[in-house]
Amino acid sequence: MTRIGSRRGAEYARILATGARRPDRIVTNDEICEVLDSSDQWIRERTGIITRRFAAPGETVVDLAAPAAQQAIERAGLAPADVDAVLVATSTHMVSMPSAAALTAARIGAGQATTFDLSTACAGFTHGVAVANDLIRGGSARHVLLVGVDRMTDVIDPRDRGSAMIFGDGAGAAVIGPSDTPGIGPTIWGGDADQWEALYQTASWTEYRDAVQAGGEPDWPVLTMMGPKIFRWAVWQMADVARKALEAAEVDVADLAAFVPHQANIRIIDQMAKQLKVPEHVVVARDVVDAGNTTAGSIPLALDRVVTEGQVPSGGLALLIGFGAGLSYSAQVVALP
Ligand SMILES: CC(C)(COP(=O)(O)OP(=O)(O)OC[C@H]1O[C@@H](n2cnc3c(N)ncnc32)[C@H](O)[C@@H]1OP(=O)(O)O)[C@@H](O)C(=O)NCCC(=O)NCCS
């Protein structure tokens, strides 16, 4: 019987460069509280958020993804034609087809690449790192452009005290390519899908349409979440996942240059860092303070900031962990570009 031919890719992969697109409009807690029954002081104390960015009317996830992607490709010293695969992690691309990845690829001149979206909410970027690593090492791609982007303002109810103050819009990107040395550690990932009701959209788009067609005035479907439940899940169970990612990579927490967890709430970040016994010299990303929670954009934006602000050495190690709706999570140690 004829044996199927096979191929192997690069021995290892690593992040070559990052990019970011933070929307222009800065939104203060006071502005949030013009419609939300809350206060600047409460939001600062309970979430750590002082400002977040909102995309302009009509500025879509593709509009946010494209400049972040271009910046990452330029910094990697590549041309768009060098990209073999474009992956966009997002939950707020508001058309079912084509994918945000296809539209982003076309926009930036990487139309030849294979394209697909990843829908794992706040774990989207770290899931994407795992997929990109396997694509490159498996020989399916040489250079992967990975974007994490969300325009959360389309899916939040500005009057909901349980969620409105947390979210923002933004895009972060990374170019991942071949490497002679290991640049991405084993990914620890999984889920707790039985708890999906902790964070979900209140109605589907078709339910919304049907209600309108039936003559009703339904509310726009929005995200709703059990904040304290997610808080506890994140603090207690995600610290353990992060620990396993360190163990799998055979890296001691003291050897990290940076800890870049999902930017959901400063209290979650600080609690996780405490449980992991992250030492003082390790930079802990606290992008949430002026970005809010940008869902799939959160980790790549925070990563881009620690890298471009020179807070960490090139080649230093960072522990990434994403977690959220699903419930889903993924974590890995990466070498910084
Ligand atoms: C949503 C979140 C900020 C709420 O903070 P919390 O400390 O858990 O607050 P609670 O819901 O327990 O409420 C505490 C008190 O604040 C009040 N409160 C809740 N939301 C409020 C708001 N927006 N403004 C003012 N007061 C508020 C509550 O009514 C309650 O008052 P009480 O003690 O008099 O009953 C927090 O749970 C959180 O960040 N969870 C994680 C969410 C998350 O990460 N989601 C994304 C997943 S990736």
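Sequence positions are assigned chain by chain, starting from 1 and proceeding in written order. Local features in this predicted model are restricted to residues of pLDDT 70 or higher, and side-chain atom pairs are both shown and tallied only at a pLDDT of 80 or more, whereas totals for entire chains, interfaces and linings draw on every residue. Hydrogens are left out, water is left out, and the side-chain values use all remaining heavy atoms of the structure.

K.L.:
Which parts of the structure should I look at to understand the packing of helix 3 (residues 61-75) against helix 4 (residues 100-108)?
P.N.:
Each packed pair of helices is defined by two parameters, the angle between the axes and the distance between the axes. To get an axis, a line is fitted to the C-alpha atoms, and for a helix only the part in contact is used. The angle between two axes follows their N-to-C directions and goes from 0 to 180 degrees. Note on conventions: DSSP H or I runs of at least 4 residues are helices, E runs of at least 2 residues are strands, and numbering of each starts at the N terminus. Taken N-terminus to C-terminus, the directions of helix 3 and helix 4 make an angle of 55°; their axes are 9 Å apart at the nearest point. For the element pair helix 3 / helix 4, the angle class is oblique. In the crossing of helix 3 with helix 4, the sense of the turn from one axis to the other is right-handed. Packed against helix 3, whose contacting residues are Val-61, Val-62, Asp-63, Ala-65, Ala-66, Ala-69, Gln-70 and Ile-73, the element helix 4 presents Ala-100, Leu-103, Thr-104, Arg-107 and Ile-108 at the interface. Of the residues that constitute the contact of helix 3 with helix 4, the class distribution is 9 nonpolar, 2 polar and 2 charged. For classification purposes, angles smaller than 35 degrees are called roughly parallel, those larger than 145 roughly antiparallel, those between 65 and 115 roughly perpendicular, and all remaining angles oblique. The handedness criterion is simple: a crossing whose near helix is rotated anticlockwise from the far helix by less than a right angle is left-handed, and one whose near helix is rotated clockwise is right-handed. Residue contacts are counted whenever heavy atoms from the two residues lie within 4.5 Å of one another. Note on residue classes: Ala, Val, Leu, Ile, Met, Phe, Trp, Tyr, Cys and Pro are nonpolar, Asp, Glu, Lys and Arg are charged, and everything else, Gly too, is polar.

K.L.:
Any chance you could explain the sheet that holds strand 5 (residues 114-118) here in plain terms?
P.N.:
Each strand in a sheet pairs with its neighbour through backbone hydrogen bonds, running either in the same direction (parallel) or in the opposite one (antiparallel). Here a strand pair is declared whenever DSSP counts at least two bridges between the two strands. In spatial order, the strands read 1-7-6-4-5; together these 5 strands make up an open sheet with mixed pairing. At either end of the open sheet lies a strand with only one pairing partner, and these are strand 1 (12-21) and strand 5. Across this sheet, the average inter-strand angle for adjacent strands is 20°, counted without regard to direction. Relative to the sheet, helix 4 contacts strand 4 (85-89), strand 5 and strand 6 (144-151), its axis offset from that of strand 5 by approximately 135°. Each of strand 1, strand 6 and strand 7 (169-179) is contacted by helix 10 (residues 298-308), which is oriented at about 95° to strand 1, the strand it contacts most.

On their own, these measurements won't tell you what the molecule is for.
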